[in-house]
Amino acid sequence: MPDSQPQPPPPPSSSPGPADPSSLLLCGARLTDGRTVDVRLGGGRIEAVGTAGSLAAGGTRACGTRVDLGGYLLLPAPADPHAHADTALSADAEGPVPYEPRDVQRRATEAALLQLGHGATAVRAHVRVGDVQGLGALEAVLQARRALRGLAELTTVAMPRVLTGVAGADGLAVLRDAVKMGASVVGGRPDLDPDPTGYVEAVLEVASEHGCPVDLHTDAGDPARLARLAAMAGGLRPGVTLSPCGDLGRLPTEVASRTADQLAAAGVAVVCLPQGGCGGVDRRGAAPVRLLRAAGVRVAAGSGALRDVSNPVGRGDPLEAAFLLASRHGLAPEEAYDTVSGAARAVLGLPEVRVEAGFPAELLAVRGDRLAGALSLAYSRVVVHRGRVVARTSAVREYCDSAASVELGLPRQERGAVS
């Protein structure tokens, strides 16, 4: 895999895995404001941030494990507020997606690790419940969550298909059982229910009973329905999230703006899916991110489908989502990155992260010195969760000998030419 520089700095010296629990020192990292700093971590938090070299007094014994981040940009770690762990990595399956618990657990675990390698230390997974799957897929994803403890935070959204009428009685019972089993968020696809408004009312009722957040899939093509949802959701805490809202961008601007104002007034967040949609929603549309942000709606970005039938090439990479928001939707790099970091963590109910003393040690180091470049060519990454390095990706670009490189004096790799 190529990298952004012909002659990159060496990869960080640490290896993924347990570090000295007392302290971890990140040396020589660049921040988005241009400073080069050392960052000391301990107890899962950032203990100190100082100028380069200022925190290393006393040597390794005093400052704990050292990680050289020279040539890397240090950022708050991304989070993914919209993933599908139960169907992830199933695009090559012959016939229906295998829903045996063992298959689901394996795919969910592998998908979360892939996303962790990209930098996402927290993931919200939407899981189907009821119908043929029953609660088996949810139990499998919860098993994956337990196996990933200490590496990444995986939370689950229970998604029943139908909640109204005679057929909905079973779905409502399954939804309540799912929350008791361990699903921390209630959700689903109201647009697929014969009574979408009744579906939303049922979800909000269960959420209110258990104090859970709500996360609903919708194309958001019906402004009247969205207005009713906003009116119903306004008093619910800890909050309501909608995604991917692609049809909202197809409405007349005046109608879309009025709807955005209603969502903002109700405190409803929107998660867009720049990399493509997911099962049951239209992949062609894109939420009007700038319009929503201008109205005061909290907008985060998720990955959606990760190599399943809805998007067989989905990467689950939050930096790609930010790149697409910057390149296609006109967001500044800082705004685009916030959708996959600060705003995404807020949607998940997680504490804010800054590269400052006292904040959680949830960090991503990306080779490069500017955020725009990192979003463009973010191949090499170091991921820190709860104060320790949990994943690392290193990439080197090499060129064969050429007259052009000699004539122009371009930098070269010294460890061997490409054959």
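Summary of the structure given here. (Residues numbered from 1 in each chain as written. Predicted model: local features only at pLDDT ≥ 70, side-chain atom pairs only at ≥ 80, totals over all residues. Heavy atoms only, no water.)

### Some details on the pairing of strand β12 (residues 269-272)
When a strand is regular, its side chains alternate between the sheet's two faces. Along β12, one buried face is formed by Ala269 and Val271 and the opposite face, lined by Val270 and Cys272, is buried too. Where strand β11 (residues 240-244) meets β12, 2 bridges bridge the pair, whose relative direction is parallel. When the bridges of β12 are listed, Thr241 appears paired with Ala269. For the crossover from β11 across helix α7 (residues 253-266) to β12, the handedness is right-handed. In the sheet, β12 pairs with strand β13 (residues 299-301) via 3 bridges, with the strands oriented parallel. Each bridged residue has a counterpart across the sheet, and for Val271 the counterpart in β13 is Ala300. (Buried < 20%, exposed > 50% of the residue type's maximum accessible area, 1.4 Å probe, protein only. Helix = DSSP H or I, 4+ residues; strand = E, 2+ residues; numbered from the N terminus. Pairing = 2+ DSSP bridges. Right-handed = clockwise from strand over helix to strand, strands pointing away.)

### Notes on the side chain of Gln115
Tracing the chain through its elements places Gln115 in helix α2 (residues 101-118). Note on Gln115: relative accessible area 4%, which makes it buried. If near-sequence neighbours (up to four positions away) are discounted, Gln115 is found in contact with Asp80, Ala83, Ala120, Val123, Ser303, Leu306 and Gly316. (Contact = heavy atoms within 4.5 Å.)

### Here we look at the pairing of strand β9 (residues 185-188)
By the alternation rule, side chains of β9 split into Val185 and Gly187 and Val186 and Gly188, which are all buried. Two elements, strand β8 (residues 153-159) and β9, share 2 bridges in a ladder whose sense is parallel. Looking at β9, one finds that Ala158 is bridged to Val186. In the sheet, β9 pairs with strand β10 (residues 214-218) via 3 bridges, with the strands oriented parallel. Opposite Gly187, over in β10, you have Asp215 as the bridge partner. Handedness of the crossover joining β9 and β10 through helix α5 (residues 196-210) is recorded here as right-handed.

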